[in-house]
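Letter by letter, the chains look like this.
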2 protein chains.
Amino acid sequence: MPRDQYDDCWLRYDRVSEDQRASYRRRLKHAYVAEESPECTAVRDELREAIPGLLDEDVHLWQHRPETVDGFLAIGTPGDMEVIAESIPDGAVDDLDDDGYLIRSVEYEGQDCLVVTSGADQGLVYGTFHLLRLLNMGEAIDEIDVREEPAYANRVINHWDCPFRRTVERGYAGESIFDFDRLPDLRDRYEDYARLLASLGINGVVLNNVNTEYYPRGSTNEASQEFDGWRLLETRRLEDLTSLASVFRRYGIQIYLSVNFGAPKRIGDLDTFDPLDEDVRQWWREKADEIYDLIPDFGGFLVKADSEGQDGPYNYDRDHVEGANALAQALEPHGGRVWWRAFVYGSHEDRAIQAYDTFEPLDGDFAENVTVQVKNGPIDFQPREPVSTLFGAMPETDLGLELQITGEYTGQGVHATSHLPMWKEILEFDTHADRQESRVQDFFRGDGEGVVGVTSIGEDRTWTGHYLMQSNLYAFGRLIWDPDLDAETITDEWITQTFGADEEVIDTVREILLDSWEACIDYETGGLGLIHMMHNGQEYLENHYLPSPGEWPGYHGATEDGIGYDRTSSGSGYAQQFREPVAERFEDVETCPEKYLLFFHHLPWDHKLEDGTTVIQRLYDNFYDGVEEAERLRDLWMSLEGKIDDRRFEHVATRFDEQVHQAEKWRDVITGYFYDFAEIEDEQGRVS
Amino acid sequence: MPRDQYDDCWLRYDRVSEDQRASYRRRLKHAYVAEESPECTAVRDELREAIPGLLDEDVHLWQHRPETVDGFLAIGTPGDMEVIAESIPDGAVDDLDDDGYLIRSVEYEGQDCLVVTSGADQGLVYGTFHLLRLLNMGEAIDEIDVREEPAYANRVINHWDCPFRRTVERGYAGESIFDFDRLPDLRDRYEDYARLLASLGINGVVLNNVNTEYYPRGSTNEASQEFDGWRLLETRRLEDLTSLASVFRRYGIQIYLSVNFGAPKRIGDLDTFDPLDEDVRQWWREKADEIYDLIPDFGGFLVKADSEGQDGPYNYDRDHVEGANALAQALEPHGGRVWWRAFVYGSHEDRAIQAYDTFEPLDGDFAENVTVQVKNGPIDFQPREPVSTLFGAMPETDLGLELQITGEYTGQGVHATSHLPMWKEILEFDTHADRQESRVQDFFRGDGEGVVGVTSIGEDRTWTGHYLMQSNLYAFGRLIWDPDLDAETITDEWITQTFGADEEVIDTVREILLDSWEACIDYETGGLGLIHMMHNGQEYLENHYLPSPGEWPGYHGATEDGIGYDRTSSGSGYAQQFREPVAERFEDVETCPEKYLLFFHHLPWDHKLEDGTTVIQRLYDNFYDGVEEAERLRDLWMSLEGKIDDRRFEHVATRFDEQVHQAEKWRDVITGYFYDFAEIEDEQGRVS
């Protein structure tokens, strides 16, 4: 990658230490790599980039087995080359998923070989990146034996990028990297992006915002408002997309589009988009045929329907099943899939209720190739929410879990907030749904299921707006490949590949990242489960960034007599959507975990918690602790001066100053706001 | 810009001097920039390019206000960000044109801010480039307060580029930068070109030659003659253009096409292009609808009709109004505009007469969205001409002023001839037309009016064929943004940004540029208003470059008894097209300025000028003075050796040797030619 334009993130391929060099050289300096597929091209390209960096000498790429060298790297399926067929036991590869792979050190006719193999080319890409990760981390490879398969079949990135205007909704790293106007022209950055994703095992990318009709900005050229995401289904735009699809194809990544449910009317000549109208269904079939003719491995459609102003089946009094299935029947002959978002609200006073109420009764009615895509929590990516009650509630429906990689509510690329601990908490949560294994991570394991991440990638040099927040993309990919990986392992992998192997750097950055989420929860929410106290105005720049608890008081329920939202059976009843014993645990103020307490209960300000502290005092304490923690994390970072490069040190240091400052603001605004209701002094006299 | 492919002209962004660095850093190292529009993307990209170059360190791009830094740059509309809304007085932005902007140093909550704001995103682009110009020039920004609006609503570049064959008519910098065959593929150069134009405030580009059917070159591949500018109206070509339009859109630049008046017959299925035929009018409407569907901000059509062989309304005995209005009715629903060229000649013996005779009677009949585009002089971009008599003569018609940036008659990229002094002379000329302000620059101020420049941009490394001739594009843009800027100011801006702040370099290059035009007039024309003594053959390479006074003797009128063209009332009468007292001044040989003398009068060779010198002797003297001046300018340039980089020094030095040589040729050929008629010796014995 051209380092002066954008960072190479965790694919640095810096020279390895002297003590590993000889061993690496023996097995890596020569590489015998399969051909005949786009994925193998990607493998060869990556070796050309990586090995010279790691070894500080050229790599020899062979198309025959080199018989006169001491050792070599062999990458291919058993069918590609004898060395692999003969070194790997029969059946070891046949057992693997297409995405799975083996990495083994073997001896073959006196040569020291390293084998990367799979039953399919996609697995070769993943295996190669796995090997390179080990090398980047300086791991020994002389006796390596790796077998890997991903936990989820679909590992998908959702871009909320607005085509043509090149903005990213909830993106905090500059404009969209996708220049749709310029397609079929390709930018180098697309390939480097595909490399980053493939190195994590991501196998799908939705290119455009689920809001396919995006609100205009008043001062902009009106022409740019003519072009919006829904236009990507126009023939000439689909033709343009073929080149982008080809880049991702090399890396085993399928492309998807967010589509507008009203497309038959907007793009077609129809005067309706009623999903039961045969002309409409025919239009979708013809559109799908057209797409698959151009992009045979097209993934499918992502749809936000009847939500926040987007068109949907409700326009014609149809339900979500009728809507989703109309698109599904068109994609079905091609193996395509509809990802139908469950993010709907507006008709219930408590929006937490609605997704379950709307979708649970539809279980079993969706077509085989529909996946209902559900956000991790019932509200909207708050710093912390209990999990969605839909998980485990629709056993006859393919479900997808939607996580947010971008930090919409966690500091927007200014605050260093790792989402990994949050995701671990979500995935480990036991829903007690009627399955043998009922943790959240145990769902989404079907062929049509998976996990989706809303990304924050943008044009800035950092890719993610903040060098440390590259770790969120990294962690997302690694975690949904293997949700049993612990947070420390993933974090250490990222740090080592990003900053090198200095133990002090690793320990320090790990501590910063793993402690960052709780700090953010404390200084933004007070740590008792409150949500949505951020600014919600039309000013997009500060939207969801600044504190503004007075704007939507309904969400946190602060009144003179108390705080919190009653979601028990005496309130909105959301707690009862959970299965027992979860429902009971949340229902009862005595057993409800403190971290969710005010999400489920409206309590008097002076309600006593288990340790005797009042609710208001705990809130005060947590807000103050959160800021202190942010300061501590900043100090940790500052201790790294001189131990990492100035560019990244300085960038992050600047953002940390800002983070602490903003954390203080959140603390002061919200504690002051609560104090005005509660009129109860802070025991330490900090609040007024 | 990749410096090895092409020059970065005045957008160099070299490191600023030590004494400015601290102040700049304070206000520029952090930039808080609006989003949500293509133009904001351009702003962010430019900052990413510029600030690291100027400051020699990274720029931090924020999407929120950074509150913990000493200062920052804020770019957005007041609606985008509070810091701007609150630091700029109410109404200050509302008062501005869309293209206008403010740049102010302000203090905001203890921070030192630099604000660039406008009511529209286009103004943000202009404001950003204005700021960067100041930085490039090392200006202090601590107490800056700039308010800018352009003088003219339309600031348009005309390309005389021939699509597909990639030639540029009257272009002397290599082939066309526009590779229409390759569209929709985009070249980086398009974006860099858009940056150069936007940095000057240009807001429109006509992409192709007004000669939409261009004469073929005998030896060329016949296939390439199948493709010509008129084909750009074909559907697939229009689709291709969308990508190019998107690049310019980011920089606030609309694209236009030169169209062939016969298009309904050439491209459509019609057998006529009669502008009053309803099918023809319908064809234009449908074509316009198609264009605006693809390019919603399309500017409109430029038309050269019934001129030098191009189709026009005369084919059907219709007039220019009927022709222009037929196209205008099609563009009108979309806000598009027809620029209809007044460059017609051929039916009068004196071509100077014709434009006025043809167009003045049509005043008031053109549709609202027609602009009549008039060259600065009545002939054709001669080194010096009196201004067109149409200026001020069509008060009921939108007029555009057409200037030539390329040096068709002033040395064709070999001679260093600045057009800036010429343009100042034109713009300052008082027509005494019936308006309060009647200088040429006072016209063209309506919403549908403006100034147009015929460019010489080409694929060469230099962009303009000659490094110093980049100054003509620069000067054009700056001057039509603000015609009150004096030539020295504009020239110094260009030199400083191009060559740096060395006083000696600035003084020397300024002297070269500002003295160059008069030198060229002297050695090519003798300085008394003679025109068109250049080679006029079919050989396109030397066409209008070499002296050839015998070819078209009618233009200069040399006979045995005298020299000059009688355009007084006893001659062609052109002088009478001016308003009084101008007409009288030109009519009378005693009051007619020497510089226009032989343009208006045919005089005996021995006619005595005011100082007693004869006409022929003054011509001899001027031709010799011109060459001496060219030599002096060359010497000035040679004095810069070692003070500027070798590449540009050497390039310009080589061209100066050639310029002096060619100047001698012009002098010798023309003085010799005159001597043969006049048979009067030069007092200094130089001519034979």
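Definitions and cut-offs
The numbering scheme is per chain: residues are counted from 1 as the chain's sequence reads. Key to labels: chains lettered from A, ligands numbered from 1, both in the order written. Local features in this predicted model are restricted to residues of pLDDT 70 or higher, and side-chain atom pairs are both shown and tallied only at a pLDDT of 80 or more, whereas totals for entire chains, interfaces and linings draw on every residue. Hydrogens and water molecules were not included; the side-chain quantities draw on all heavy atoms of the structure. Should any heavy atoms of two residues lie within 4.5 Å, those residues are counted as being in contact. Defined in terms of a 1.4 Å probe, buried area is the accessible area two parts forfeit on being brought together, summed over both. We define a salt bridge as a side-chain nitrogen of Lys or Arg found within 4 Å of a carboxyl oxygen belonging to Asp or Glu. For this analysis, a polar contact is any N or O atom pair within 3.5 Å, provided that within protein one partner can donate a hydrogen and the other can accept it, and provided that sequence-adjacent residues contribute only side-chain to side-chain pairs. Counting from the N terminus, the helices are the DSSP runs of H or I reaching at least four residues and the strands are the DSSP runs of E reaching at least two. When residues are grouped by polarity, Ala, Val, Leu, Ile, Met, Phe, Trp, Tyr, Cys and Pro land in nonpolar, Asp, Glu, Lys and Arg in charged, and all others, Gly among them, in polar. Residue exposure (1.4 Å probe, protein chains only): buried if accessible area is under 20% of the type maximum, exposed if over 50%, otherwise partly exposed. Note on pairing: two strands pair once DSSP finds at least 2 bridges between them. To define axes, lines are fitted to C-alpha atoms, for helices over the stretch in contact only, and angles between the resulting N-to-C directions are given on a 0 to 180 degree scale. Domain boundaries shown here were taken from an automatic or database domain assignment. By nonpolar core we mean a set of buried residues, namely Ala, Val, Leu, Ile, Met, Phe, Trp, Tyr and Cys, connected to one another through side-chain atoms within 4.5 Å. C-alpha atoms of residues with pLDDT of at least 70 in both copies form the basis for the least-squares superposition of the copies. By definition here, a helix of n residues has an expected span of 1.5 Å times n minus one. UniProt positions are given in the numbering used here, feature names are shortened, and annotations may be inferred rather than shown by experiment. Note on ring pairs: Phe, Tyr and Trp rings are taken, using the six-membered ring of Trp, and paired if centres are within 6.5 Å. Classes follow the plane angle, with under 30 degrees stacked, over 60 edge-to-face and the rest tilted. Criterion for a charge above a ring: Lys NZ or Arg CZ within 6 Å of the ring centre, and within 35 degrees of the ring normal. We treat Lys and Arg as the positive residues and Asp and Glu as the negative residues; His and chain ends play no part in the count.

Moving on: the interface of chain B and chain A. Listed per partner, the contact involves 47 residues of chain B and 45 residues of chain A. Summing both partners gives a buried area of about 3900 Å² for chain B against chain A, and 44% of it is carried by carbon and sulfur. At the junction of chain B with chain A, the criterion picks out eight salt bridges. Linking K665 of chain A and E67 of chain B is a salt bridge whose minimum nitrogen-to-oxygen distance equals 2.5 Å. At the boundary of chain B and chain A, one finds 25 residue pairs in polar contact (both at pLDDT 80 or more). Among the elements of the structure, strand 1 (30-33), helix 2 (38-55), strand 2 (60-62), helix 4 (121-136), helix 7 (235-250) and helix 9 (278-294) of chain B are those that each provide at least two residues to the side of chain B that touches chain A. Across the side of chain B that touches chain A, the residue classes tally to 16 nonpolar, 12 polar and 19 charged.

A few words on the pairing of strand 5 (residues 111-117) of chain A. Residue and element names in this part refer to chain A. Buried residues dominate strand 5, accounting for seven of its seven residues. Alternating positions in strand 5 separate into two faces, Q111, C113, V115 and T117 on one and D112, L114 and V116 on the other, with burial throughout. Direction of pairing for strand 3 (residues 71-75) relative to strand 5: parallel, over a ladder of five bridges. Following the sheet pairing, L73 is matched in strand 5 by L114.

Residue and element names in this part refer to chain A. Pairing is parallel around the closed barrel formed by eight strands, whose spatial order is 7-10-11-12-13-14-15-16. Neighbouring strand axes in the sheet, compared pairwise and without regard to direction, differ in orientation by 25° on average. With four bridges connecting them, strand 12 (residues 300-303) and strand 13 (residues 337-341) associate as parallel partners. Along strand 13, the bridge assignment pairs L302 with W339.

Moving on, we get to the domain arrangement of chain A. Residues and elements named next belong to chain A. Per the domain assignment, the segments of chain A are domain 1 (18-148), domain 2 (154-499) and domain 3 (520-565 + 602-678). On a C-alpha basis, the centres of domain 2 and domain 3 stand 29 Å from each other. Across the contact, 28 residues belong to domain 2 and 26 residues belong to domain 3. Where domain 2 abuts domain 3, roughly 2600 Å² becomes buried across the two surfaces, and 59% of that area is made up of carbon and sulfur atoms. Linking domain 2 with domain 3 are zero salt bridges, by the criterion used here. At the junction of domain 2 with domain 3, the criterion picks out 13 residue pairs in polar contact (both at pLDDT 80 or more).

Think of a sheet as strands paired side by side through backbone hydrogen bonds, with each pair either parallel or antiparallel. The strand order 2-1-3-5-4-6 (chain B) describes an open sheet built from six strands, whose pairing is mixed. Only two strands of the sheet have a single partner each, and these edge strands are strand 2 and strand 6 (145-148) of chain B. If you compare each strand with its neighbour and ignore which way they point, the axes differ by 20° on average. The pairing of strand 4 (residues 101-108) of chain B with strand 5 (residues 111-117) of chain B spans seven bridges and is antiparallel. Looking at strand 5 of chain B, one finds that I103 of chain B is bridged to V116 of chain B. Across the sheet, helix 20 (residues 646-678) of chain A is in contact with strand 1 and strand 2 of chain B; its angle to strand 2 of chain B comes to roughly 35°.

Here we come to the nonpolar core. Among the nonpolar cores identified, the biggest contains 238 residues, and F248, L468, W637 and F674 of chain B are the most heavily contacted of them. The biggest single contributor to this core is helix 20 (residues 646-678) of chain B, with 12 residues. Setting aside its immediate chain neighbours within four residues, W637 of chain B contacts L468, F499, V509, I512, I644, R648, F649, V652, A653 and F656 of chain B. Y24, A324, I457 and L619 of chain A belong to the second largest nonpolar core, which has 230 residues in total.

Further remarks concern the relation of the copies chain B and chain A. Mapping chain B onto chain A calls for a screw motion: a turn of 119° about the axis and a shift of 1.7 Å along it, with 0.1 Å RMSD after fitting. Expressed as an axis order, the relation between the two copies is that of a three-fold axis. Taking C-alpha positions as the reference, the residue of chain B nearest the rotation axis is D185 of chain B, at 2.9 Å. In this assembly, only 4% of the residues forming the interface of chain B have copies in chain A that are likewise at the interface, indicating a heterologous arrangement.

Moving on, we get to helix 10 (residues 320-331) of chain B. Residues and elements named next belong to chain B. End to end, helix 10 covers 17 Å across 12 residues, agreeing with the expected 16 Å (1.5 Å per residue, within 8%). Within helix 10, 11 of the 12 residues are buried, which leaves the element mostly enclosed by the surrounding structure. For helix 10, the capping residue at the N-terminal end is D319, with a side-chain oxygen 3.1 Å from the backbone nitrogen of V321.

The next point concerns the UniProt feature "domain: Glycosyl hydrolase family 67 catalytic" (unreviewed entry) in chain A. The UniProt entry lists residues 135-463 of chain A under the feature "domain: Glycosyl hydrolase family 67 catalytic" (unreviewed entry), expressed in the numbering used here. Structurally, residues 135-463 of chain A comprises 25% helix and 15% strand, and the distance from its first C-alpha atom to its last is 23 Å.

Bringing the environment of T498 of chain A into the picture now. Residue and element names in this part refer to chain A. If you trace the backbone, T498 turns up in helix 14 (residues 487-499). On the basis of relative accessible area, T498 is assigned to the buried category, the value being 3%. Counting along the chain gives 120 residues from T498 to R618, while the straight-line C-alpha distance between them is 38 Å. Here T498 is in contact with C9, W10, R12, Q470 and R648, once residues within four sequence places are set aside.

Turning to the packing of aromatic side chains, a few remarks are in order. This model, assessed by the stated rule, comprises 86 aromatic pairs over all chains. Seen from their ring centres, F599 of chain B and F600 of chain B are 5.2 Å apart, and the 75° between their planes marks the pair as edge-to-face. Exposure remark for F600 of chain B: the relative accessible area of 0% places this residue in the buried category. Through successive ring pairs, a cluster of aromatic residues spans Y6, F164, F178, F180, Y190, Y193, F227, F248 and W463 of chain A. Across the ring face of Y565 of chain A, the terminal group of R567 of chain A is positioned such that the distance to the ring centre comes to 4.0 Å. The ring of F343 of chain B carries the charged tip of K375 of chain B above its face, separated from the ring centre by 3.3 Å.

Secondary-structure assignment places E35 of chain B in the loop between strand 1 and helix 2. Despite its burial, E35 of chain B pairs with no opposite charge; the closest candidate is R44 of chain B, at 4.5 Å N-O. A polar side-chain atom of E35 of chain B sits 2.4 Å from a polar atom in the side chain of Q63 of chain B. Aside from chain neighbours lying at most four places away, what touches E35 of chain B is G171, G174, R217, Y540 and L541 of chain A together with C40, R44 and Q63 of chain B.

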